[in-house]
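As a plain string of letters, each chain reads:
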Amino acid sequence: MLDLSAAPPGRDSNMLAAIRRTWGYDGLRPMQAEAIQAGIDRRDSLVVLPTGGGKSLCYQVPPLVAERTDVVVSPLISLMKDQVDGLRECGYPAVTMHSGQTPGEQRAAEEMIASGKCRLVLVSPERVLTARFIRLMQMARVSTFAIDEAHCISHWGHDFRPEYRRLGGLKDRFADVSVHAYTATATERVREDIKRQLGLRDPLVLVGCFDRPNLTYRIVPREKLRDQVLSVLRRHRREAAIIYCVSRRETEALAAHLRSEGIRAAYYHAGMDPEPRRLTQDQFSNEKLDVVVATVAFGMGIDRSDVRCVIHAAMPKSVEHYQQETGRAGRDGLPAECVLFHSGADSLKWRMLLDRSRDETLEGMTDNGDGSYAVARETLEAAHAAQCELIEHMRRLCLTNACRHRLLSAYFGQTLAGENCGACDVCLGEVERHQEATVLAQKILSCVARVEERFGAGHVADVLLGSTAEAVLRCGHDKLSTYGLLGDLPKRAISHQIDQLLAQELLERRSNDRGLPILKLNAASWEVLRGKRSVFLPRPSSRIETATPGRDSVEFDRELFEELRQLRRKIAEERGLAPFLIFNDRTLRDIATKRPRTRSAMRTIHGVGDRKLEDLGDAFSRCVDDFLRARETPR
Ligand code: ADP
Ligand code: ZN
């Protein structure tokens, strides 16, 4: 943290004073000062900061300090709307321009822009290069563009959006604009691509620290998913949580199950009608829902900073996705937990989905003979190959039994200092190395050999279990030496270990002549069987129930905090805004810790700028005062 009191005079203090006045922040996060300065100086920049790293502030401050109008290109309308609402609560003039507005709203926004009083215009990528918008920008003398989620421009990335490609035209259309790219997730290749596609000139490249020390990561084999999810959620009663599933159907089923367990949960996916979808999103923002079970479609538009838990019901399709989705936890900087439940089958499923979507796109493309087909096809194939690679990285991350914080940092090219992070299942000692993993693998593989590589995983598991299933008896497999060899394990655990062997390519799945999947040994299997290769299989941890919620637990007055939350909810309702736009949890906790009883005492609270002090200072300090009085009065 850059300390405000220690700031040198001049531009810096100017910047910091503006931040203090408008947002009530006491300092800047790593890289923010440099990124803001590049914005003020209008030097092209590429800023890579993790989710929650505070990218928005970096493009919000420059136009305020330089007293000009800047444009921000952003991919999601709901995200823009929240940001503009939040800025207005701080007394910061901002508008948004997108296709979802009524003509009246659009006209109001245009007038505001043309007046030159607007500091920030948030616009969708489709809009930005339309003749109408260009005219407006000329009127407001816009010369600085920020591109949010800039990785969307690269087909090497995990979220390629063709409409972002037209942003490459900014530098061509306007001679003297500066362009500032922002993203949370970019590997070296994606970074280079962003620079090239946007035509950045000698950009200042800033890469922040990717580690999120307030997040505790757990990566656990999937067994009984529902029970596993419930046991995690039990640690976060009445707190905000997001659960990511792969399919829409799964989100609906899991949400229903959680509701039947008394949890305020709902599902969310891209196949829903806009109306119920908005409702779910609003209810989550307004704290009327605790848990949302979603496909990846959810979350981009969510700015609730007090999400205490993110659960993945299956492996996400890239480390970037994992980082981005888990990044939605603990954006207020307070401890939060991320649990990923995976199985060896997850990566196969992603591959299948990827192949299908590529094939469908190919089918939908027509070759009109001008060469564009070949180019489009090549881009598609390259994007497909890149995504397969991303899946593979994620798969390896799941199977590697090392500090999660360290592995994640390493993926983004950074090294983490220190031995034990104290905030992942490995460092917390929850994952035990499976000492007999190799022996266990040998038992499974030799059973595959004994059934002559002619049976599927279910049958092999039955034999190892010592099951009296009809098929086992009919084949005489109850006479095999491997029959009942793993009778002390539940069948799910055996199946899971088979999945693990498949995922690690120590075993293969093929189709027999009737098209049924059967297990086959490969060269690696024989190395294991001959004792030439040792195996690691993660052991399902049962100790997770008693796990600690994370480090840095903050002491504050919980009763008062609840009181403040109620006040916040009431004000938010009156104004038709999401509660976090009034104050976020970090601010409420700061109040519940420092307990300011007067408006002036509210000055020292995190997140209280000039406008909010005037607007909300009395209400909240009075709330504290009333609460303390009631407590001090003997009953
Ligand atoms: P990103 O876009 O990088 O994911 P945001 O810009 O949404 O992150 O910022 C995440 C949170 O951190 C927001 O609640 C924001 O208000 C807060 N924040 C940003 N910069 C600072 C700062 N310098 N001091 C305190 N809080 C900050
Ligand atoms: Zn660790």
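Fair warning: this is a prediction, and the values are worked out from it, not measured in the lab. (Residues numbered from 1 in each chain as written. Chains lettered and ligands numbered in written order. Predicted model: local features only at pLDDT ≥ 70, side-chain atom pairs only at ≥ 80, totals over all residues. Heavy atoms only, no water.)

### Some words on the domain arrangement of the protein
And then number 1: Domains assigned within the protein are domain 1 (13–207), domain 2 (215–347 + 392–411), domain 3 (432–540) and domain 4 (558–632).
And then number 2: Listed as interface residues are 14 residues of domain 1 and, on the opposing side, 16 residues of domain 4.
And then number 3: Taking both partners together, domain 1 and domain 4 bury about 1,100 Å²; carbon and sulfur atoms supply 48% of that area.
And then number 4: Broken down residue by residue, the surface that domain 1 buries against domain 4 is led by Arg 20, Arg 21 and Glu 89, which jointly contribute 45%. (Domains from an automatic or database assignment. Contact = heavy atoms within 4.5 Å. Buried area = accessible area lost by both parts, 1.4 Å probe.)

### Digging into the nonpolar core
And then number 1: With 73 residues, the main nonpolar core has Val 71, Val 128, Phe 133, Ile 147 and Leu 198 as its most contacted residues.
And then number 2: Top element by residues in this core is helix α14 (residues 372–399). It accounts for 6 residues.
And then number 3: Inspection of this core shows a minimum of three residues originating in each of domain 1 (13–207) and domain 2 (215–347 + 392–411).
And then number 4: Setting aside residues up to four positions removed in sequence, Val 128 forms contacts with Val 71, Val 73, Val 123, Phe 133, Ile 134, Met 137, Phe 145 and Leu 167.
And then number 5: Ranked by size, the runner-up nonpolar core spans 27 residues in total, among them Ile 40, Val 84, Ala 146 and Leu 206. (Core = buried A, V, L, I, M, F, W, Y, C linked by side-chain atoms within 4.5 Å. Buried < 20%, exposed > 50% of the residue type's maximum accessible area, 1.4 Å probe, protein only. Helix = DSSP H or I, 4+ residues; strand = E, 2+ residues; numbered from the N terminus.)

### A word on the site of ligand 1
And then number 1: By nearness alone, 16 residues border ligand 1, and Tyr 25, Gly 52, Lys 55, Ser 56 and Arg 331 come closest of all.
And then number 2: The side chain of Lys 55 places a nitrogen or oxygen atom 2.8 Å from an oxygen atom of ligand 1.
And then number 3: Compared with its free state, where it exposes 570 Å², ligand 1 has 87% of that area covered by protein.
And then number 4: Secondary structure elements with two or more residues in the shell around ligand 1: β2 (27–28) and α3 (55–66).
And then number 5: If you tally residues by element for the shell around ligand 1, the top one is α3, at 3 residues.
And then number 6: A breakdown of the residues in the shell around ligand 1 according to their chemical character gives 4 nonpolar, 9 polar and 3 charged. (Near = heavy atom within 4 Å. Polar contact = N/O pair within 3.5 Å; in protein donor to acceptor, adjacent residues only side chain to side chain. Areas by Shrake-Rupley, 256 points an atom, 1.4 Å probe, with all protein chains shown as cover. Nonpolar A, V, L, I, M, F, W, Y, C, P; charged D, E, K, R; others polar.)

### Some points on helix α24 (residues 610–632)
And then number 1: The first and last C-alpha atoms of α24 sit 31 Å apart over 23 residues, in line with the 33 Å expected at 1.5 Å per residue.
And then number 2: Of all the bends in α24, the largest measures some 55° and sits at Leu 616.
And then number 3: Residues Lys 612, Leu 613, Leu 616, Gly 617, Phe 620, Ser 621, Cys 623, Val 624, Asp 625, Phe 627 and Leu 628 constitute the buried set of α24.
And then number 4: Next to the buried residues of α24 lie α4 (77–89), α21 (558–575), α22 (579–582) and α23 (585–594). (Expected span 1.5 Å × (residues − 1). Bend = angle between axes of the 7 residues up to and from the residue.)

### Regarding the packing of helix α17 (residues 457–465) against helix α19 (residues 491–503)
A packed helix pair is summarised by two numbers, namely the angle formed by the two axes and the spacing between the axes.
And then number 1: Axis separation between α17 and α19 bottoms out at 9 Å; the angle between their running directions is 125°. In this view, α17 runs oblique relative to α19, as classed from their interaxial angle. As for how α17 packs across α19, the hand of that crossing is right-handed. Contact with α17, carried on its side by Ala 457, Gly 458, Val 460, Ala 461, Asp 462, Leu 464 and Leu 465, involves Lys 491, Ile 494, Ser 495 and Ile 498 of α19 and no other residues of that element.
And then number 2: Looking at the contact of α17 with α19, its residues break down into 7 nonpolar, 2 polar and 2 charged. (Axes fitted to C-alpha atoms, helices over the stretch in contact; angles between N-to-C directions. Parallel < 35°, antiparallel > 145°, perpendicular 65-115°, else oblique. Left-handed = near helix turned anticlockwise from the far one by under 90°.)

### Comments concerning the coordination of the zinc ion (ligand 2)
And then number 1: Protein coordination at the zinc ion (ligand 2): the donors are Cys 403 (SG), Cys 421 (SG), Cys 424 (SG) and Cys 427 (SG), at 2.2 to 2.4 Å from the metal.
And then number 2: For the zinc ion (ligand 2), the 4 donor atoms are set out with angles of 105 to 117° between them, so the coordination reads as tetrahedral.
And then number 3: Along the chain, the residues donating to the zinc ion (ligand 2) fall in the pattern C-x17-C-x2-C-x2-C. By the burial criterion, Cys 421 is buried, and Cys 427 matches it. (Donors = N, O, S within 2.8 Å, 3.2 Å for Na, K, Ca; no water. Tetrahedral: all angles 85-135°; square planar, octahedral: opposite > 155°, others 65-115°.)

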